[in-house]
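Residues per chain are reported as follows:
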Amino acid sequence: MKKRFFKIFHLCVDILFVAFMLTFGYIFFTVYYGQVPNLFGYHFLRVISTSMTPVIDEGDCIVVKSVDADRLKVGDIITFHSEDPYIYGYLNTHRIVSIEMDENDNPIFHTKGDANSGEDVYTVKEKNIIGKYCGELAFGELLTKGLSLLSNRKIYFIVVMMPILLCMVSSIVSIFRIIFEDETEIESIENREEQGGRK
């Protein structure tokens, strides 16, 4: 009974480890290729400007939560795809300073960086909003430095992908070994019972 308990425990640990590694790899992979990781409605972003200092500093890793536009209010900090030709299509994180409605009763958001002298020239439409700023990611500065280092593809593969792949393979092998051993034990018990029945 004790042996079976430890097998189940190790199986659960291995499954959780594989799930964690898959999540970790997904976040690193998407950030590395300039995409926005989305995990259960939460996005993880790296800040590359000083427009929101002192609330958000350059190099911070922030957490942004998906939210309905009608729940946003003046004072909220939002992340959105900017329509400014200078940074068109890139993400921007600024504070809402006012909200108006267009002719179709859709909200239009006026934003401003806390460190900027004036409002953003281009307004933000609902369709361009990624989410609302929730806070900074723990150890975000170290993560940012790590991501900068990992811009080298060879270093990225050696430092991140290779250990993840090796650990995942090891865990998957361990999972199958535990399952296979259990099946073997069941077959052995059934064989013994059959032999005992014949006697």
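What counts, and at which threshold
- Residues numbered from 1 in each chain as written.
- Predicted model: local features only at pLDDT ≥ 70, side-chain atom pairs only at ≥ 80, totals over all residues.
- Heavy atoms only, no water.
- Salt bridge = Lys/Arg side-chain N within 4 Å of Asp/Glu carboxyl O.
- Helix = DSSP H or I, 4+ residues; strand = E, 2+ residues; numbered from the N terminus.
- Core = buried A, V, L, I, M, F, W, Y, C linked by side-chain atoms within 4.5 Å.
- Buried < 20%, exposed > 50% of the residue type's maximum accessible area, 1.4 Å probe, protein only.
- Contact = heavy atoms within 4.5 Å.
- Polar contact = N/O pair within 3.5 Å; in protein donor to acceptor, adjacent residues only side chain to side chain.
- Patch = residues over 30% accessible without salt bridge, like charges linked within 9 Å, V, L, I, M, F, W, Y side chains within 5 Å.
- Areas by Shrake-Rupley, 256 points an atom, 1.4 Å probe, with all protein chains shown as cover.

**Student:** Could you give an account of the pattern of salt bridges, naming the residues involved and the relevant values?
**Tutor:** For the coordinates displayed, the defined rule picks out four salt bridges. A salt bridge links Arg95 to Asp114; its shortest N-O distance comes to 2.7 Å. Taken as a pair, Arg95 in strand β5 (residues 91–101) and Asp114 in the loop between β6 (107–112) and β7 (124–125) lie far apart in primary sequence, 19 residues in all. Ionic contacts of the salt-bridge type, sharing partners, join the residues Lys73, Asp76 and Lys132 into one network.

**Student:** Could you give an account of the nonpolar core, naming the residues involved and the relevant values?
**Tutor:** Listed in full, the nine residues of the largest apolar core are Leu45, Val47, Met52, Ile56, Ile62, Val64, Ile77, Ile130 and Tyr133. Of all elements in the fold, only β3 (61–65) and β8 (129–136) reach the threshold of two or more residues within this core. Sequence-distant contacts of Ile56, defined by excluding residues within four places in its chain, comprise Val47, Ile62, Ile77, Thr93 and Tyr133. Counting residues in each nonpolar core, the second largest holds eight residues, with Ala69, Ile78, Phe109 and Val124 among its members.

**Student:** Describe the side chain of Ser51, and please don't skip the residues or the numbers.
**Tutor:** With respect to the element layout, Ser51 can be found in the loop between β2 (42–46) and β3. For Ser51, a relative accessible area of 14% gives the class buried. At a separation of 2.9 Å, a polar atom in the side chain of Ser51 contacts the side chain of His94. Every residue in contact with Ser51, bar those within four places of it in the chain, is listed here: Thr93, His94, Gly113, Asp114, Ala115 and Asn116.

**Student:** Run through the side chain of Asn128, naming residues and quoting values.
**Tutor:** Note on placement: Asn128 falls in the loop between β7 and β8. Among the residues examined, Asn128 registers a relative accessible area of 12% and is labelled buried. Excluding residues within four positions of it along the chain, Asn128 makes contact with Thr79, Phe80, His81 and Glu83.

**Student:** Please set out the environment of Val47 residue by residue, giving values where relevant.
**Tutor:** Tracing the sequence through the fold places Val47 in the loop between β2 and β3. Among all residues touching Val47, those that are not within four sequence positions of it are Ile56, Asp57, Glu58, Gly59, Asp60 and Ile62.

**Student:** Help me get a handle on a nonpolar patch on the surface, residues and values and all.
**Tutor:** Together, Val74, Ile99 and Met101 make up an exposed nonpolar region whose accessible area comes to about 260 Å². The residue Ile99 is located in strand β5 in this model. Assessed through its relative accessible area of 34%, Ile99 is described here as partly exposed.

Shape descriptors only; they carry no functional weight alone.
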